[in-house]
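Each chain is listed here by its residues.
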Amino acid sequence: MFFRIMDKSRVLDLVAGLSQDFEVLGPVSKGDAFVYQRIDDPADLRLDYDTTLLPPKKLFFPPEEQMMRFRVADNEVVDDEVYAAPRVIFGLHPCDINGLLLMDNVFLRDYVDPYYKARRDSTLIVGVSCTPQESCFCNAWNTDEVHWGFDIFLTDLGDRYFVSVRSVKGAELLDDHVETRPITDADTAEFQRVAREFEAGFSDELNTSQLPLLLDAKFESPIWDELGERCLSCGACSMVCPTCYCFDVIDRLEPDQKTGVRIRKWDSCQFTEFASVAHGQNFRESRASRVKYRYYHKQWGYLSKFERVLCVGCGRCARACLAGISPREVVTALEAGGVGE
Amino acid sequence: MTAYQELQQNPYRPWPARITSIIDLTEQERLFELRIIDDGVREAFEFTSGQFVELSIFGVGEAPISISSAPSKQGFIELCVRNAGDVTGALHRKQCGDVVGIRGPFGRGFPFEEMKGNDVLLVAGGLGIAPLKSLINHIHDDRHDFGKVTILYGAKNPSEILFRYQFDMWKHRDDFDLILTVDDPDESWGDEVGRVTRLFDMIDIEPENTYGAICGPPVMYKYVIEEMRNKAMDVDKIYVSFERRMKCGIGKCGHCGVGHQYACIDGPVFNFWEAMNLQEAI
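Residues numbered from 1 in each chain as written. Chains lettered and ligands numbered in written order. Predicted model: local features only at pLDDT ≥ 70, side-chain atom pairs only at ≥ 80, totals over all residues.

Colleague: Looking at this structure, how should I read the domain arrangement of chain A?
Modeller: In many analyses, interface size is given as the accessible surface area lost on bringing the parts together. All names here are of chain A. When the domains of chain A are assigned, the result is domain 1 (2-66 + 77-200) and domain 2 (211-336). Look at where the C-alpha atoms of domain 1 and domain 2 centre, and you get two points 27 Å apart. Counting from both sides, the interface comprises 28 residues of domain 1 and, opposite them, 23 residues of domain 2. Elements supplying a minimum of two residues to the side of domain 1 that touches domain 2: β4 (64-71) and α2 (94-107). Here the element with the most residues in the side of domain 1 that touches domain 2 is α2; it accounts for eight residues. Its residues assigned to classes, the side of domain 1 that touches domain 2 comprises 15 nonpolar, nine polar and four charged. (Domains from an automatic or database assignment. Contact = placed C-beta atoms within 7 Å. Helix = DSSP H or I, 4+ residues; strand = E, 2+ residues; numbered from the N terminus. Nonpolar A, V, L, I, M, F, W, Y, C, P; charged D, E, K, R; others polar.)

Colleague: What is the right way to read the nonpolar core from this model?
Modeller: Generally speaking, a soluble globular protein has its nonpolar side chains buried in company with each other. Val126 of chain A together with Leu55, Leu79, Leu122, Ala213 and Val240 of chain B are the most contacted members of the largest nonpolar core, which has 162 residues in total. Setting aside residues no more than four positions away along its own chain, Leu55 of chain B makes contact with Glu62, Ala63, Ile65, Leu79, Val87, Leu91, Val100 and Ile102 of chain B. (Core = buried A, V, L, I, M, F, W, Y, C linked by C-beta atoms within 7 Å. Buried ≥ 20, exposed ≤ 12 C-beta atoms within 10 Å, placed from the backbone.)

Colleague: Just to check I follow, could you spell out the domain arrangement of chain B for this structure?
Modeller: All names here are of chain B. For chain B, the assigned domains are domain 1 (3-106) and domain 2 (112-276). Here the C-alpha centroids of domain 1 and domain 2 sit 22 Å apart. Opposite the 22 residues of domain 1 that make contact, domain 2 presents 21 residues. Those elements that provide at least two residues to the side of domain 1 that touches domain 2 are β3 (52-57), β4 (61-66), β5 (77-82) and β6 (99-106). Among the elements that make up the side of domain 1 that touches domain 2, the one with the highest residue count is β6 (three residues). In terms of residue class, the side of domain 1 that touches domain 2 is built from nine nonpolar, nine polar and four charged.

Colleague: In this structure, what is going on with the interface of chain A and chain B? I would like to understand it.
Modeller: The interface of chain A with chain B comprises 39 residues on the first partner and 34 residues on the second. The element that contributes the greatest number of residues to the side of chain A that touches chain B is helix α9 (residues 287-306) of chain A, accounting for six residues. Each residue belonging to the side of chain A that touches chain B can be placed in one class, and the counts come to 24 nonpolar, eight polar and seven charged.

Colleague: What should I look at first to understand unusual backbone geometry in this one?
Modeller: Negative phi characterises most residues that are not glycine, and trans characterises most peptide bonds. Following Gly104 of chain B, the chain continues into Pro105 of chain B via a peptide bond in cis, with omega recorded as 0°. Within the secondary structure, Pro105 of chain B sits in strand β6. Of note, the amide linkage connecting Gly267 of chain B to Pro268 of chain B takes the cis form, showing an omega dihedral of 5°. Within the element layout of this structure, Pro268 of chain B appears in the loop between β14 (261-262) and β15 (269-271). A positive phi angle is found at Asp110 of chain A, which is not glycine, with a value near 50°. For Asp110 of chain A, a count of 13 C-beta atoms within 10 Å translates into the label partly exposed. Phi at Gln257 of chain A is positive, roughly 65°, even though this residue is not glycine. Residue placement: Gln257 of chain A occurs in the loop between β11 (247-253) and β12 (259-266). Since 9 C-beta atoms lie within 10 Å of it, Gln257 of chain A is described here as exposed.

Colleague: I'm lost on the sheet that holds strand β12 (residues 238-241) of chain B in this one. Help?
Modeller: Backbone-to-backbone hydrogen bonds pair the strands of a sheet. The strands run either parallel or antiparallel. Residues and elements named next belong to chain B. In spatial order, the strands read β10-β9-β8-β7-β11-β12-β15; together these seven strands make up an open sheet with mixed pairing. Of all the strands in the sheet, just β10 (192-193) and β15 have a single pairing partner and so form its edges. Two elements, strand β11 (residues 210-215) and β12, share three bridges in a ladder whose sense is parallel. Its bridge partner lying in β12, Ala213 is registered against Tyr239. (Pairing = 2+ DSSP bridges.)

Colleague: Explain the environment of Tyr161 of chain A here, please?
Modeller: Residue and element names in this part refer to chain A. Tracing the sequence through the fold places Tyr161 in strand β9 (residues 160-165). Its 24 C-beta neighbours within 10 Å are what place Tyr161 among the buried residues. For the pair Tyr161 and Ser9, spaced 152 residues apart in the sequence, the C-alpha separation amounts to 9.7 Å. With residues up to four places along the chain from it excluded, the contact list for Tyr161 reads Met6, Lys8, Leu154, Thr155 and Asp156.

Colleague: It is not clear to me how the packing of helix α7 (residues 222-230) of chain A against α9 of chain A should be interpreted in this structure. Could you clarify?
Modeller: When two helices pack together, their arrangement is given by the angle between the helix axes and the distance between those axes. Residue and element names in this part refer to chain A. Interaxial distance between α7 and α9 falls to 7 Å at its minimum, and their mutual angle equals 110°. The orientation of α7 relative to α9 falls into the category roughly perpendicular. Contact with α7, carried on its side by Trp224, Asp225, Leu227 and Gly228, involves Arg287, Ala288, Val291 and Lys292 of α9 and no other residues of that element. Here the residues of the contact of α7 with α9 sort into four nonpolar, one polar and three charged. (Axes fitted to C-alpha atoms, helices over the stretch in contact; angles between N-to-C directions. Parallel < 35°, antiparallel > 145°, perpendicular 65-115°, else oblique.)

Colleague: Please clarify how the pairing of strand β7 (residues 123-128) of chain A should be interpreted in this entry.
Modeller: If a strand is regular, its side chains alternate between the two faces of the sheet. Residues and elements named next belong to chain A. Of all the six residues making up β7, six are buried; the element is thus mostly covered by neighbouring parts of the structure. Pairing between strand β6 (residues 87-92) and β7: five bridges, direction parallel. Bridged to Arg87 within β7 is Thr123. Across three bridges, β7 lies against strand β8 (residues 152-156) in parallel orientation. In the strand pairing of β8, Val128 is matched with Leu154.

Colleague: For this particular structure, what's the right way to read the pairing of strand β2 (residues 23-30) of chain A?
Modeller: Residue and element names in this part refer to chain A. Relative to β6, β2 is paired through three bridges, and the arrangement is parallel. In the sheet register, Leu25 faces β6, and the bridge partner there is Ile89. As paired elements, β2 and strand β3 (residues 33-38) share six bridges and run antiparallel to each other. Among the inter-strand pairings, Gly26 is bridged to a residue of β3, identified as Gln37. The loop that links β2 with its antiparallel partner β3 comprises two residues; one of these, Gly31, has a positive phi angle of about 60°.

Shown next, in the form of structure tokens:
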């Protein structure tokens, strides 16, 4: 990897320049929160944001999307083309870039998902460094750092960005649209100081020792019943999660009943009917079993296949949960012995 | 691009298949024979017993259905389908010559090659005979490669016994030991009465070279496995097939999670050692 230095004020040039060739998206302020949105005025881009309501997964795996158009009479697919315009997404934090890398394992391996792939292939990613928030625990999974999954990454050094250039396209973005200079030893020293300050910014280190094994050893623990009592099965945790990828597939007929679209939309393992089969059997009828499954899959199911936990510690689920359930609490309870201990 | 290359492009795209025969098996179950229309896709469609397809009826949706015919039957597949939901209900309203969609085959089936040279004990309950029928017929077509073959099949009552036309014939064959049982017999019933587990007293097996294959309603597994373990069969030679909600069939949608695995790509067939290590499996 090679590095450049870019004056902070130049970001506006970069966004304006890129807007000529790409759709540019990034975090913008909305009410008292931030959301990923199309950037029409470069001044709207807020690289100082804390976190976004929804993770950038919505830009690759939309809440609802058309998979194919069909004709009923002969059961034929009329159109399953995927349309993805070239675009640049600004401002992904390390957790969210890692989130996409975890989604890649699901959607881009074995049976490649053409819808996700088309959007991934047509998108350039500009990452940006962040400041640890109270709800962040990315340091527990080492997702507070990111070494690939972006085209360029901007580390904030106060008046300038330390720019990590990962891809050819990333190098071209810089060359074509913005003035940069080579790094000096002083820049690298400042980069290291900022990294140490970042690490010290986390409120605590979550104990995750032997977590996958504990999930099996404590599978019948009353911890899950207590959490099940509180959980509302609303599925908000899944919707705001940068790594939850479950979906449902639905056919929608046009009014003439002759053609229609097959769509998919975000689903959640917390919903009552998620694991039920046609003959009426529901394999996870109780809330406790569903709350447990979410953690079991994230911390062990996914790990058993891809050697990573399916969580990046962004803290969105904890903020979204009306019952106040957070991964920090659940992991701590498993490591200790009971909720609240 | 050939149709088969297109098929590789989008694993969610179902391929048109024509219904070439429909047989009423019971009041609720019918056997549908399908032929994939595109020559390239049909020739590329190779499967093992225990695998399933996604049956797709546009406007209604998709449902995972295990394949009942043997891989040795070329050009056609058979699906034994109970009228139990939206998609299966829509299939039951179709007629011979109508076109439906097929994706697959998906999942891991029974280890047919590994089973060769051994005895096989197959135990089915109710609709669980559907995937086992594929294995039974495949063994039949390669009969000389197997030792003793025992089939235990139980249903609630005589009218719910599937493939009875074939099994009634097989009862007279000496190369298959077939025992049928029902919970509620009628006057015409001349076979066994009671749960399928009761039949274990009537059979004799050599545990060191016997493979087991089980499919039935979820409650059945525990008791049948217990009987097989009582006969000293090895945990990794007992195979079970699980029914879960395999919606996408390709390990993405998440609906068929069973413990740390997905039934659609890691199963639906697991050996008992694997199943013992799967939470919420049995």
